[in-house]
Amino acid sequence: MAKNKNKNDRQTNLSNTKLETNKKCFLKDGVLEYYGSLTVGELANALKIQASDIIKKYFLKGIIYTINSNLDDEIIGEICIDNNIDFKKMVENEANALSSILNLKDDPKELKERPPVVTVMGHVDHGKTTLIDTIRNSRLTEAEFGGISQEIGAYQKQCHGKLITFIDTPGHEAFTEMRSRGASVTDIVVLVVAADDGVMPQTIEAIDHAKAASVPIIVAINKIDVPGANPEKVISELMKYDIIPEKYGGSNIFCEISAKKNIGIDNLLENILLEAEMLELKANPNRYAYGTVLEAKLDKGEGPKATFLISNGTLKVGDYVVVGSTYGKIRRMTNDLNQIVTEAIPSMPVSVIGINEVPQAGDHFFALDNEKLAKEIANDRKLRLEEESRKSNNVSTLDELYDKVKEGELKNINIVLKANSTGSVEAVKNAILKLNVEGTKINIIRASAGAITESDVLLANASHALIYGFNVRPDSNVRNKAIEEKVEIRLHRIIYALIEELESMLKGMRAKKEIEQYLGQAEVRQVFKASKIGTIAGCYVVDGEITSTSLLRVLRDGEEVYNGKINGLKRFKDDVKEVKSGFECGISILNFNDIHEGDIIEAYKMVEEEDNGRQN
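Definitions and cut-offs
Along every chain, residues carry numbers that run from 1 in the direction the sequence is written. Selection of residues for local features in this predicted model requires a pLDDT of at least 70, selection of side-chain atom pairs for listing and counting requires 80 or more, and totals for whole chains, interfaces and linings are taken over all residues. Side-chain measures were taken over the full set of non-hydrogen atoms in the model, leaving aside hydrogen atoms and water. Pairs of strands are assigned from DSSP output, requiring at least two bridges between the strands. Helical segments are the DSSP runs of H or I of at least four residues, strand segments are the runs of E of at least two, and each set is numbered from the N terminus. Here an axis means a line fitted to C-alpha atoms, over the contact stretch when the element is a helix, while the angle between two N-to-C directions is reported on a 0 to 180 degree scale. Salt bridge, as used here: a side-chain nitrogen of Lys or Arg that lies within 4 Å of a carboxyl oxygen of Asp or Glu. Remark: exposure states derive from per-residue accessible area (1.4 Å probe, protein chains only) relative to the maximum for the residue type, with buried under 20%, exposed over 50%, and partly exposed in between. Only rings of Phe, Tyr and Trp enter the pairing, Trp through its six-membered ring, and a pair is recorded when the two centres are within 6.5 Å. The plane angle decides the type: under 30 degrees is stacked, over 60 is edge-to-face, the rest tilted. Counted as over-ring charges are cases with an Arg CZ or a Lys NZ within 6 Å of the ring centre that also lie within 35 degrees of the ring normal. Here a helix's expected span is defined as the number of its residues, less one, multiplied by 1.5 Å. Should an angle fall under 35 degrees it is taken as roughly parallel, and over 145 as roughly antiparallel, whereas 65 to 115 is taken as roughly perpendicular and any remaining angle as oblique. Here a crossing is called left-handed whenever its near helix is offset anticlockwise from the far helix by less than a right angle, and right-handed whenever the offset is clockwise. In this description, contact between two residues means that some pair of their heavy atoms is separated by no more than 4.5 Å. The nonpolar class holds Ala, Val, Leu, Ile, Met, Phe, Trp, Tyr, Cys and Pro. Asp, Glu, Lys and Arg form the charged class, and all remaining residues, Gly among them, are polar.

## Focus: the pairing of strand S18 (residues 326-334)
For a regular strand, side chains alternate in direction, first toward one face of the sheet and then toward the other. Here strand S17 (residues 320-323) runs beside S18; their pairing, made up of four bridges, is antiparallel. Bridging across to S18, Val323 finds its partner in Thr326. Where S17 folds back onto S18 in an antiparallel hairpin, the turn is made up of two residues, including Gly324, whose phi is positive at roughly 60°. Turn length for the S18-strand S19 (residues 340-341) hairpin, with the two strands adjacent in sequence and antiparallel, is five residues, and the turn residue Asn338 shows positive phi of about 65°.

What follows is the structure, given as structure tokens:
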């Protein structure tokens, strides 16, 4: 009974929305107002004429329509004029749909207490992820390059019988926009400041974001156990930015902690719940959901995946959603523990599958019970985005680019940017756009998540662009296509290195350094276990060659999962020094056994970059 009641409540709460948004066209004071495209049947109903009359008229003109054929704006206008009716195409009704959903008046009786959404902010390496790691008893930091968060994660923790939702945001300055988005969906900010380091640039930036979002700030003075820790110095520095502890007459809660040694964590959680109680956070679970995309990426096996944070309402498997300029039907949801769930309530983060395309991190989503309307809204949004002008100009390789900068010829530089997730795309993109060197301008003509593809190469060729890959790698087919199209691919794992390279290039300076020289790729076709050796990958070399002294990386779905050295290279039972393209071999990897069929093993070596050196 309870489940049926909730379903009915959600439908009732959206009844007005459906009345306002389901109609795509209507007559108003003798004028046909419509949005999107109309079928013959829809137009005939609106004009109160027979669909067969429209079909017959255009059949005689040599155009074949059925009652479900879509009509373009010119034909719609022509039919209206024939019937002495004026017409007007509206900007599609998505604004009304979204406004109706977001502004539905919740019955106070339906409002329930919801968990606080807490964003953890602070300077790089001040212990934000370690704090969440300790709270969740997890090991998140082990999966991060250099211990630095480069995506947003959302997690829930139960404390004293109540849930708290945590959002972990990256601390490096390049991730300003990600932190800004985090603050925009949060109720409370936990500002992590290292006791031995004090207030740093990104600490100040985090304070600015929290103040802009008008959310309370709880200060967690971390690393109180390390030599040189000085909590009073941190307090003094923060007071300059109007972050004043309660003991000095201010409104900010200060907690001294050691995330690494689990000191003071319970006190911090209790203070978060106390702050949340004062905020009286409530939401209505008995309505269709809306919220924000925290992260999104393309999974090779499951398709587009996104992390949703529910702001209000309940999202259920089977709901239709509009997400930015895409849409879909929720086919599966998992919580932060990767457990399958059938519904997500307010303040709950969930990973969803069923969206047609990868949305952008930061997009808002809202749920409907109408697939047709969801599709129309998303398609209209996409069309408007595609109508925006595409920037282009003239760059081919890094060498040419350096020369042109030196000679003062270069004005515009085009880049195709690919990264392992939309959050990383956004972060790198914003870092690149902040580069400011007089006389030059960077145009990012495509920035998207996923492996580098042949489509990216073709776009780069057409627009004379460089391709930059961040934590993604091209396969051998893409590499060969890039060589064929004379497109240069630059690959990076650390954002600092990517930005430094671009900045040096813009200034026309080149310093010799060690770079990777690509050797070849092998595809793992079988996996064997050997008691004395570990896992052996039965491989087929698809490009170049693999040598016994190669460095290597293991790629899975275009993303690097391991970087290390070859432990052994064999042809049949014999150890060999190299295996060339077109031959099979066995490869064992030093200190790595998690090899899967379908993985790509890429071999490379480090060489000193020459003046005309390139990295492909």
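## Observations concerning the sheet that holds strand S8 (residues 153-159)
A sheet is described by the order of its strands in space; here six strands give the open sequence S8-S9-S7-S10-S11-S12, paired in mixed fashion. Strands with a single pairing partner mark the edges of an open sheet, and in this sheet they are S8 and strand S12 (253-256). When strand polarity is set aside, the average angle formed by the axes of neighbouring strands in this sheet is 25°. The pairing of strand S10 (residues 188-194) with strand S11 (residues 217-222) spans six bridges and is parallel. Looking across to S11, one finds that Val190 is bridged to Ile218.

## Concerning the pattern of salt bridges
Across all of its chains, the model carries 31 salt bridges by this definition. A salt bridge links Arg136 to Asp336; the nearest nitrogen and oxygen atoms lie 3.4 Å apart. Placement of Arg136 in helix H7 (residues 128-136) and of Asp336 in the loop between S18 and S19 is noted, with a sequence separation of 200 residues between them. Since its relative accessible area comes to 22%, Asp336 is described here as partly exposed. One salt bridge in this structure joins Arg553 and Glu516, with 2.7 Å as the shortest N-O distance. Here Glu516 lies in strand S27 (residues 514-530) and Arg553 lies in strand S29 (residues 551-556), a separation of 37 residues in the sequence. Residues participating in the shared-partner salt-bridge network are Arg473, Arg479, Arg493, Glu516, Arg553, Glu560 and Glu602.

## Focus: the packing of aromatic side chains
A complete count under the given rule lists three aromatic pairs for this structure. Ring geometry for Tyr58 versus Tyr65: centroids 5.7 Å apart, planes at 65°, classification edge-to-face. Under the relative-accessibility criterion, Tyr58 is labelled buried at 1%. Classification of Tyr65 as buried rests on a relative accessible area of 15%. Its guanidinium or amino end placed over the ring of Tyr518, Arg479 lies 3.8 Å from that ring's centre, counting from NZ or CZ. Sitting above the plane of the Tyr604 ring, Arg553 keeps its charged end 4.5 Å from the centroid.

## A closer look at helix H9 (residues 201-212)
The terminal C-alpha atoms of H9 lie 17 Å apart, and with twelve residues this matches the ideal 16 Å at 1.5 Å per residue to within 8%. If you check which residues of H9 are buried, you get Gln202, Thr203, Glu205, Ala206, Ile207, His209 and Ala210. Ser214 sits one or two residues past H9 and shows a positive phi near 55°.

## Thoughts on the packing of helix H14 (residues 422-433) against helix H17 (residues 495-506)
To describe two helices that pack against each other, one gives the angle between their axes and the distance between the axes. In the contact formed by H14 and H17, the axes pass within 10 Å of each other and the chain directions differ by 30°. Considered as vectors, H14 and H17 are oriented roughly parallel to each other. Crossing hand, H14 versus H17: right-handed. Note on element contacts: H17 touches H14 through Ile495, Leu498, Ile499 and Leu502, opposite Ala427, Val428, Ala431 and Ile432. Broken down by class, the residue content of the contact of H14 with H17 amounts to eight nonpolar, no polar and no charged.

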